[in-house]
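Survey of secondary and tertiary structure
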Amino acid sequence: MNRQQITAERDAAGAAYVEALNAFREAWARLAAIDRTLLNANVAQGETIRSWHFKSRNGLEDALRALQHIEFAPRLIVNDWHDRAVELSNKQIEGFTP
């Protein structure tokens, strides 16, 4: 494999990484939303669930920093992740019937 082929493979891998991060963000938001909904006092009704190690926005930001790649995913914005989970959870809470 020559340098040009390796570079082309790197570009393909980088594009696949970005695509995987987008899918991961949506899957994370779905699960985070459900966890958030189940932690709501009206929904939980005294029950507790096990959830993330990083419950705060700052904790999520720290976790996302580990997924950043200088060229292909240089800036993962915590609001893109957190706000999507809140949006989904708010819909779940509003539609909840005991």
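The paragraphs below set out a description of the structure included in this document. (Residues numbered from 1 in each chain as written. Predicted model: local features only at pLDDT ≥ 70, side-chain atom pairs only at ≥ 80, totals over all residues. Heavy atoms only, no water.)

1. Concerning the layout of surface pockets
Note the threshold: The way it works is a 1 Å grid over only the protein atoms, where trapped points that fit a 1.4 Å probe form a cavity and open points with protein on both sides within 12 Å along at least five of seven lines form a pocket, and then any residue with an atom within 4 Å of a point lines it. Grid points are joined across faces, edges and corners, and a volume is the space filled by probe spheres set on the points. Each helix corresponds to a stretch of at least 4 residues labelled H or I by DSSP, and each strand to a stretch of at least 2 residues labelled E; elements are numbered beginning at the N terminus. Gly is placed with the polar residues, together with every amino acid not listed as nonpolar (Ala, Val, Leu, Ile, Met, Phe, Trp, Tyr, Cys and Pro) or charged (Asp, Glu, Lys and Arg).
Approximately 230 Å³ is the volume found for the largest pocket. As for the largest pocket, its lining consists of 15 residues, and the residues nearest its centre are Ala32, Arg36, Trp52, Lys55 and His82. Residue assignment for the lining of the largest pocket shows that the elements contributing at least two residues are helix H1 (3–39), helix H3 (57–65) and helix H4 (78–94). Sort the elements by how many residues they give to the lining of the largest pocket and H1 lands first, with five residues. When the residues that make up the lining of the largest pocket are grouped by side-chain class, the tally is eight nonpolar, three polar and four charged.

2. With respect to the environment of Glu47
For Glu47, the location among the structural elements is in the loop between helix H2 (41–44) and H3. Along the sequence, Glu47 and Ala85 sit 38 residues apart, while their C-alpha atoms lie 21 Å from each other.

3. As for the pattern of salt bridges
Going by this rule: Should a side-chain nitrogen of Lys or Arg be within 4 Å of a carboxyl oxygen of Asp or Glu, the pair is scored as a salt bridge. Summary of the burial criterion: residues with accessible area below 20% of their type's maximum are buried, those above 50% are exposed, and those between are partly exposed, where the area comes from a 1.4 Å probe applied to protein chains only.
Applying the stated rule across the entire model yields six salt bridges. The closest approach of N and O atoms between Asp83 and Arg57, which form a salt bridge, is 3.6 Å. Placement of Asp83 in helix H4 and of Arg57 in helix H3 is noted, with a sequence separation of 26 residues between them. Residue classification places Asp83 among the partly exposed positions, given a relative accessible area of 37%.

4. Here's the deal with the side chain of Asp35
How we decide: Polar contact criterion, stated in full: a pair of N or O atoms within 3.5 Å, where within protein one must be able to donate a hydrogen and the other to accept it, and residues adjacent in sequence count only if both atoms are side-chain atoms. Two residues form a contact once any of their heavy atoms are found within 4.5 Å.
Its place among the elements puts Asp35 in helix H1. Among the polar contacts made by the side chain of Asp35, one reaches the side chain of Ser51 at a distance of 2.8 Å. Contacts of Asp35, omitting those with residues within four sequence positions, involve Ile49, Arg50, Ser51 and Trp52.

5. Considerations on the nonpolar core
Rules: Among the buried residues, those of types Ala, Val, Leu, Ile, Met, Phe, Trp, Tyr and Cys that are joined through side-chain atoms within 4.5 Å form a nonpolar core.
Among the nonpolar cores identified, the biggest contains 13 residues, and Trp28, Ala29, Leu60, Leu64, Leu76, Trp81 and Ala85 are the most heavily contacted of them. Elements with a contribution of two residues or more to this core: H1, H3 and H4. Counting residues per element, this core draws most heavily on H1, which supplies five residues. Excluding residues that lie within four positions of it along the chain, Ala29 makes contacts with Trp81, Arg84, Ala85 and Leu88.

6. Structural notes on unusual backbone geometry
The backbone phi angle of Gln45 is positive, close to 50 degrees, even though this residue is not glycine. Tracing the backbone through its elements, the reader meets Gln45 in the loop between H2 and H3. A residue is classified by how much of its surface remains accessible, and Gln45, at 53% relative accessible area, is exposed.

7. Thoughts on the side chain of Thr37
Considering the arrangement of structural elements, one finds Thr37 in helix H1. Beyond its immediate stretch of four places on either side in the chain, Thr37 contacts Val43, Ser89, Gln92 and Ile93.

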